[in-house]
Amino acid sequence: DAGVIQSPRHEVTEMGQEVTLRCKPISGHDYLFWYRQTMMRGLELLIYFNNNVPIDDSGMPEDRFSAKMPNASFSTLKIQPSEPRDSAVYFCASSLARDGFNYGYTFGSGTRLTVV
Amino acid sequence: AQSVAQPEDQVNVAEGNPLTVKCTYSVSGNPYLFWYVQYPNRGLQFLLKYITGDNLVKGSYGFEAEFNKSQTSFHLKKPSALVSDSALYFCAVRDMGAYNTDKLIFGTGTRLQVFP
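Cut-offs and rules
- Numbering of residues begins from 1 in every chain and follows the order in which that chain's sequence is written.
- Each chain is given a letter, starting from A, and each ligand a number, starting from 1, according to the order in which they appear as written.
- Since the coordinates come from a predicted model, pLDDT governs what is reported: local features require at least 70, and pairs of side-chain atoms require 80 or more to be given and counted, while whole-chain, interface and lining totals use all residues.
- In computing side-chain properties, one takes all heavy atoms of the structure into account and sets aside hydrogens as well as water.
- Ring geometry is summarised as follows: Phe, Tyr and Trp rings, the Trp one being its six-membered ring, pair when their centres sit within 6.5 Å, and such pairs are stacked at plane angles under 30 degrees, edge-to-face over 60 and tilted between the two.
- We count a stretch as a helix when DSSP gives it H or I for four or more residues in a row; a strand needs E for two or more, and each element gets its number in order from the N terminus.
- For each residue, the accessible area found with a 1.4 Å probe, counting protein chains only, is set against the maximum for its type, and the residue is called buried under 20%, exposed over 50%, and partly exposed in between.
- Residue contacts follow a heavy-atom distance rule, with two residues in contact if any of their heavy atoms lie within 4.5 Å.
- Reported buried area values correspond to the accessible surface (1.4 Å probe) lost by two parts on association, with both partners' losses combined.
- Definition used for salt bridges: Asp or Glu carboxyl oxygen within 4 Å of a side-chain nitrogen of Lys or Arg.
- Within 3.5 Å is the distance limit for a polar contact, defined as a pair of N or O atoms, with the added protein rule that one can donate a hydrogen and the other accept it, and that residues adjacent in sequence qualify only through two side-chain atoms.

Participant: Any chance you could explain the packing of aromatic side chains here in plain terms?
Facilitator: Aromatic ring pairs are reported here in terms of the distance separating the ring centres and the angle at which the planes meet. One pass over the full model with this rule turns up 18 aromatic pairs over all chains. Each ring, one from Y35(A) and one from F107(A), has its centre 5.8 Å from the other, and the planes form 45 degrees; the classification is tilted. Residue Y35(A) is found in strand 4 (residues 31-38), and its partner F107(A) is found in strand 12 (residues 106-107); the two are separated by 72 residues along the sequence. The buried category is assigned to Y35(A), whose relative accessible area is 1%. A network of ring pairs unites the aromatic residues Y31(A), F33(A), Y35(A), Y48(A), F91(A), Y105(A), F107(A), Y36(B), F46(B), F90(B) and F106(B) as a single cluster.

See the structure below:
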């Protein structure tokens, strides 16, 4: 398995533009997580899905952020409109729950977003 | 809510010396604790976890962690540090959250620098 695949690796965009980040989880994993990493706030959980259904989106900063998981092999995180304070590294992670417990997440390599 | 604290932003150690990266936790109920490592420009990688059982947990790359219930700590240790261990280390705790499904809450991270 190629692991969790995120694209693009780097994204530079102008303030006000729409940005879409993509994630392909590991095949067979039933949980998918979106995290954001910044120097100031560390790793923040934005949203997670179980079997393609959003479970907890309490970490999504505001309405400009949205996430979808149309099928088990693909998820997107969209920011519209983007702002400079959204600049961060965005990680996707997936996991397989056994007996109701997630035994360990597998992270993608992240998307470094810069909004100028 | 569950939380973990990593009191040190950075730990410096000479190669060959033992290393300790500190983590304390605050949970209601039994803690499920994890350590992850992040190398530059990479996603987080799972190192080890404590669920139950022996207080000394062994993980990848020669790392181990000691669970101490009375001190609510879960410090990461290695008997002999390598320069290649230099990375960012995250402690994490399982949080069942308001939706009764589990997610990981990460600490702020500790940068380990091993000097030759």
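Participant: I would appreciate a short explanation of the interface of chain A and chain B in the present structure.
Facilitator: In many reports, interface size means the accessible area that the parts give up when they come together. Across the contact, 22 residues belong to chain A and 20 residues belong to chain B. Here chain A meets chain B over a buried area of about 1,800 Å², counting both sides, of which 54% is carbon and sulfur. Inspection of the region where chain A meets chain B yields zero salt bridges. There are five residue pairs in polar contact (both at pLDDT 80 or more) connecting chain A and chain B.

Participant: Help me out: how do you make sense of the pattern of salt bridges in this one?
Facilitator: For side chains bearing opposite charge, pairing can occur when the charged atoms are close. In the structure shown here, the tally under the stated rule is 11 salt bridges over all chains. Measuring nitrogen to oxygen at the nearest pair gives 3.2 Å for the salt bridge that ties R36(A) to E44(A). E44(A) shares its class with R36(A); the two are buried. Here E66(B) ties to K77(B) by a salt bridge, and the two come within 3.1 Å at their closest N and O atoms.

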